[in-house]
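Topology and contacts: notes
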Amino acid sequence: MNDLLESFAANADEIGIALAETGFMLAFSLAAAVLIGLPLGVMIFLTRPGGAQQSTPLWSVANLYVTVVRSFPFLLFVVFLIPLTRALYGTTFGTGAATFPLCFVGVAIYARLVEQILLEVPPGILQAARSMGASSAQTVVSFLLVEARSGLVYALTSAAISLISYSTVLGIVGGGGLGDFALRYGYQEYDYGLMYSTIVIVIVCVLLLQTAGEKVSAALDRR
Amino acid sequence: MLQATPVALLDGVTVTYGQATALDSIDLTIDRGEIIGIIGESGAGKSTLLNVLDAVETPSAGRVLVEGTDPTELSARERRLLRRRIGMVFQGFNLLSNRTVRQNIALPLKLQRRRDPALIAELLDYVGLGDYADRYPAQLSGGQLQRVAIARALVTRPGLVLCDEPTSALDTRTTEDILTLLADTRRDFGTTIVLVTHELDAVGAICDRAAVLENGSLMSVFPIAPSARERPRETSYLAHARRVLGA
Ligand SMILES: Nc1ncnc2c1ncn2[C@@H]1O[C@H](COP(=O)(O)OP(=O)(O)OP(=O)(O)O)[C@@H](O)[C@H]1O
Ligand SMILES: [Mg+2]
């Protein structure tokens, strides 16, 4: 137990940095999920076959993107993106560059969740929007997103937790973060105590996120 | 001038879905200020007829005039604007559960970038929900929800209100209240009301005419006999149960 505390104290700075790196990667990929994934999910919902703004080309492209990114083994996806990452960032190494592939995944995961949640909005809501002469934009903003808001927050929580999990792989391109720390300072140094305590930190982070997401989601839900 | 023009005119209107014919060559005139009941069995084409009147469904043959315009000659945007002048009340209320009663009623105005708190307060009182303005739909009974939906339909002061089975989800007593509210609406605002229902009692209680649909065909349109009105308004659930069950 003392050993554990000692190695923990000795590595406190490193753990702090790793936590910040994870936070950085999560913040940017979540921002991408909301700013790009949400509109993309709405578009997939509207343009789907039988949807309000049916458009096979748009739907096919968006749907293909989501499916491909989600089924691509993440590690290989990171490697696959290296040329693009280099072109954009000038480097393929470090937390900033590592966040790039994570953003793609965040967008894809959240777009799919958004689509699923919108499919569950009662059809009567769309009927009401149509009968009031709402434009497409009004239908989305004043009807769909209002009725789906608690589900959308809850789904964002799930997306965040998945992204934490994905981010642990990014040590390979120098992304850092808690997963990478546990691997390099814990596993590779045979300091299993440190490894498991880092994992506990990750679990606590996930629990906090989950609880916060549930609270916000419930507060938004008047059903 | 306005009195003379019918609210809606259907001339040989046919609607088909693939092989199926939902409406078969319907001729019907809806006069300003009337309450007309559209009755028929499930699948007869009642909702399809409402959708034609709401410029949602385009006939595959025939001509429609709603509020003096032919929806098929309008652009999609103009059809939306036409729809804003027609109120719609649904069987399932179709209110936003994450919006308060007041916000739900204000929604049609908000879509037109209009605000009219005084009118909304007036309508809230009119439908008897003055004290419920800041509640959410989940906190209201079925009858109250339908009152909110009616207030929402009236907030744009439409000349025509289309009701699709507005009382089918309600009990007898509440049904009578809602029907009374619809009759009052016509009396107080001169609103033309199309009432789709399978409940003959409802048609007898408030309609001037009934149109009977069967398999997409309009079988007959006839005036409601005065005797249909005279069914005593039930004073209690017990009285109703006694009458129906004959105790
Ligand atoms: N979007 C659609 N696609 C295909 N068929 C449809 C569609 N809408 C309606 N129909 C068909 O058209 C016919 C008339 O339907 P409609 O909904 O108008 O009936 P209704 O009289 O309102 O019935 P209910 O009392 O059950 O509401 C039915 O046979 C129905 O199956
Ligand atoms: Mg129907």
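Treat the numbers as computed from the prediction; the structure is a model and nothing was measured. (Residues numbered from 1 in each chain as written. Chains lettered and ligands numbered in written order. Predicted model: local features only at pLDDT ≥ 70, side-chain atom pairs only at ≥ 80, totals over all residues. Heavy atoms only, no water.)

**Considerations on the overall build of chain A**
Tallying secondary structure elements over chain A gives nine helices and zero strands in all. When the helices and strands of chain A are listed from N to C terminus, the series reads α-α-α-α-α-α-α-α-α. For chain A, the C-alpha atoms occupy an extent of roughly 70 × 40 × 25 Å along the three principal directions. For chain A, buried positions account for 46% of its 223 residues. Intrachain contacts of chain A at a sequence separation of at least 6 include 74% that bridge at least 24 residues. If you sum the accessible surface of chain A, you get close to 11000 Å²; carbon and sulfur atoms cover 68% of it. (Helix = DSSP H or I, 4+ residues; strand = E, 2+ residues; numbered from the N terminus. Buried < 20%, exposed > 50% of the residue type's maximum accessible area, 1.4 Å probe, protein only. Contact = heavy atoms within 4.5 Å. Areas by Shrake-Rupley, 256 points an atom, 1.4 Å probe, with all protein chains shown as cover.)

**Overview of unusual backbone geometry**
Peptide bonds are, in most cases, trans, and in most cases residues other than glycine have a negative phi. Residue A:Tyr190 is not a glycine yet carries a positive backbone phi of 55°. Although it is not a glycine, B:Asn215 adopts a positive phi angle of roughly 50°. You can see B:Asn215 is positioned in the loop between strand E8 (209-214) and strand E9 (217-223). Looking at B:Asn215, the relative accessible area reads 67%, which means it is exposed.

**Thoughts on the nonpolar core**
Core analysis: the biggest nonpolar cluster contains 82 residues, and A:Phe143, B:Leu10 and B:Val194 have the highest contact counts within it. With eleven residues, helix H7 (residues 136-167) of chain A is the single largest residue contributor to this core. Aside from chain neighbours lying at most four places away, what touches B:Leu10 is B:Ile26, B:Asp27, B:Leu28, B:Leu49, B:Val52, B:Leu53, B:Arg63 and B:Val64. With 40 residues, the next largest nonpolar core counts B:Leu109, B:Leu145, B:Val161 and B:Leu170 among its residues. (Core = buried A, V, L, I, M, F, W, Y, C linked by side-chain atoms within 4.5 Å.)

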